[in-house]
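Spelled out from the first residue to the last, the chains are:
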Amino acid sequence: MPFRCFGTGDPLYERYHDTEWGRPVHGDAALYERLCLEAFQSGLSWITVLRRRETLRAAFDGFDPALVARYGDADVARLLADPGIIRNRLKVTAVVANARAALRLAETGPGLSELVWSFAPAPPGPAPASPADVPASTPASAALAKALKAAGFRFVGPTTAYAAMQACGLVDDHLAACPARRDRR
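To start, this report covers the structure provided alongside it. (Residues numbered from 1 in each chain as written. Predicted model: local features only at pLDDT ≥ 70, side-chain atom pairs only at ≥ 80, totals over all residues. Heavy atoms only, no water.)

What to know about the overall build of the protein chain
Cut-off, in case you're wondering: Going along the chain from the N terminus, every DSSP run of H or I of four or more residues is numbered as a helix, and every run of E of two or more is numbered as a strand. Two things to know: the radius of gyration comes from C-alpha atoms, and the globule rule equals 2.2 Å times the number of residues to the power 0.38. Relative accessibility under 20% of the residue-type maximum defines a buried residue, over 50% an exposed one, and the middle range a partly exposed one, all with a 1.4 Å probe and only protein chains included. Two residues form a contact once any of their heavy atoms are found within 4.5 Å. Surface accessibility follows the Shrake-Rupley procedure with a 1.4 Å probe radius. Residue values consider only the protein chains on display as shielding. In this tally Asp and Glu are treated as negative and Lys and Arg as positive; neither His nor the chain ends contributes. To locate a charge, take NZ of a lysine, CZ of an arginine, CG of an aspartate or CD of a glutamate.
Scanning the protein chain for helices and strands turns up 9 helices and 0 strands. Secondary structure elements in the protein chain, listed N-terminal to C-terminal, are α-α-α-α-α-α-α-α-α. In terms of overall size, the protein chain behaves like a compact globule, its C-alpha atoms giving a radius of gyration of 16 Å where 185 residues would be expected to give roughly 16 Å. Relative to its 185 residues, the protein chain shows a buried fraction of 46%. Contacts in the protein chain between residues far apart in sequence, at least 24 positions, make up 65% of those at least 6 positions apart. A total accessible area of about 8,800 Å² is found for the protein chain, and carbon and sulfur atoms account for 57% of it. The averaged location of the 19 negative side-chain charges in the protein chain is 3 Å from the averaged location of its 22 positive side-chain charges.

See below:
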């Protein structure tokens with residue numbers, strides 16, 4: 001079995017690790033979706049979110065911010081009754097609020113993608129040798145969370161912001177021995 005930082009033994013998790021996690025994600029809609037998924041993950045394991053990802057996409061109109069921003073109370077009630085998604089009222093309403101915030105950013109600038117990527121550390125840090133070397137949050141993720149909250153986003157604390165930074169390739173926290181590290185590809 002090849003070495004992986006995480007996910008070995010579950011094909012869905014392996015595919016996510018090998019082809020998606022830590023790869024740069026750009027575009028307002030793509031980053032909106034990732035922030036929503038990270039918010040859903042809060043307090044849960046990531047594999048729980050991965051297993052429900054397609055159901056979440058279907059329930060939230062493909063995470064299209066323009067569509068989700070129009071959701072009202074009836075949509076929230078519909079979502080909270082859907083057993084296929086993670087039915088947490090705070091998380092569901094955060095997805096709607098975050099769609100509205102993403103649209104405001106797009107209208108007023110700089111846009112979600114530009115905002116998020118402005119917090120990418122330069123130069124990249126050294127490769128972590130073990131999971132113990134991977135932080136849960138950083139000063140950059142705290143600053144990103146603060147900027148997102150100021151823009152109207154919810155459920156984006158420093159830990160969630162750092163998880164998004166990892167997932168979206170702003171930082172490369174694949175372990176030093178992992179073949180998925182960008183400097184090894």
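Regarding the pattern of salt bridges
In a structure, side chains of opposite charge can pair up when their charged atoms sit close to one another. Defined as follows: Salt bridges are counted wherever a side-chain nitrogen of Lys or Arg sits within 4 Å of a carboxyl oxygen of Asp or Glu.
Under the defined criterion, the tally for this structure stands at 10 salt bridges. The partner of arginine 34 in a salt bridge is glutamate 20, with the nearest N and O atoms 2.8 Å apart. Of this pair, arginine 34 sits in helix 2 (residues 28-41) while glutamate 20 sits in the loop between helix 1 (11-19) and helix 2, and the two are 14 residues apart along the sequence. In this structure arginine 34 comes out as buried when scored by relative accessible area, which is 11%. By relative accessible area, glutamate 20 is classed as buried at 18%. Note that aspartate 172 and arginine 181 form a salt bridge whose closest N and O atoms lie 3.7 Å from each other. Here aspartate 172 falls in the buried class, since its relative accessible area comes to 9%.

With respect to the layout of surface pockets
Counted only if it meets this: Only protein atoms enter the calculation, which uses a 1 Å grid: trapped sets of points that fit a 1.4 Å probe without letting it out are cavities, open sets showing protein on both sides within 12 Å along at least five of seven lines are pockets, and any residue with an atom within 4 Å of a point is a lining residue. Grid points are joined across faces, edges and corners, and a volume is the space filled by probe spheres set on the points. Amino acids outside the nonpolar list (Ala, Val, Leu, Ile, Met, Phe, Trp, Tyr, Cys, Pro) and the charged list (Asp, Glu, Lys, Arg) are all regarded as polar, and Gly is one of them.
Counted as a void, the largest pocket has a volume near 350 Å³. Around the largest pocket sit 16 residues that line it, and Phe6, Tyr13, Trp21, Trp46 and Gln166 are the ones nearest its centre. Counting residues per element, the ones that place at least two in the lining of the largest pocket are helix 1, helix 2 and helix 9 (158-167). Within the lining of the largest pocket, the residues separate by chemical class into 12 nonpolar, 2 polar and 2 charged. Roughly 200 Å³ of volume is contained in the second largest pocket. Along its surface, the second largest pocket is lined by 15 residues, and Gly125, Pro126, Tyr162, Val171 and Asp173 are the ones closest to its centre.

What to know about the packing of helix 8 (residues 139-150) against helix 9
Basically, it comes down to this: To get an axis, a line is fitted to the C-alpha atoms, and for a helix only the part in contact is used. The angle between two axes follows their N-to-C directions and goes from 0 to 180 degrees. For this classification, under 35 degrees means roughly parallel, over 145 means roughly antiparallel, 65 to 115 means roughly perpendicular, and everything else is oblique.
Contact geometry of helix 8 with helix 9 gives a least axis separation of 8 Å together with a crossing angle of 105 degrees. Here helix 9 runs roughly perpendicular to helix 8, going by the angle between their axes. Of the residues in helix 9, those in contact with Ala140, Ser141, Ala142, Leu144 and Ala145 of helix 8 are Pro158, Ala161, Tyr162 and Met165. Across the contact of helix 8 with helix 9, the residue classes tally to 8 nonpolar, 1 polar and no charged.

Details of the nonpolar core
We apply this condition: As used in this record, nonpolar core signifies buried Ala, Val, Leu, Ile, Met, Phe, Trp, Tyr and Cys residues forming a set joined through side-chain atoms within 4.5 Å.
One finds Tyr32, Phe60, Leu112 and Phe153 to be the most contacted residues of the largest nonpolar core, which totals 56 residues. When residues of this core are assigned to their parent elements, the largest contribution, 7 residues, is made by helix 6 (residues 89-108). Residues contacting phenylalanine 153, with those up to four places away along its chain left out, are Leu35, Asn98, Ala101, Ala102, Leu105, Leu112 and Leu148.

Side note on unusual backbone geometry
A cis amide bond links glycine 109 to the next residue, proline 110, at an omega of 10 degrees. In this fold, proline 110 is placed in the loop between helix 6 and helix 7 (112-117). Phi angles above zero are rare outside glycine, and phenylalanine 63 is one such case at about 55 degrees. Tracing the backbone shows phenylalanine 63 in the loop between helix 3 (46-59) and helix 4 (65-68).

Considerations on empty space enclosed by the protein
The tally for this structure, following the rule as stated, stands at 1 cavity of 30 Å³ or more. Counted as a void, the largest cavity has a volume near 40 Å³. Around the largest cavity, the lining residues are Leu31, Leu35, Val116, Leu144, Ala161, Ala164, Met165, Cys168 and Leu170. For the lining of the largest cavity, the secondary structure elements donating two or more residues are helix 2 and helix 9. Per-element tally for the lining of the largest cavity: the top contributor is helix 9, with 3 residues. Looking at side-chain class alone, the lining of the largest cavity contains 9 nonpolar, no polar and no charged residues.

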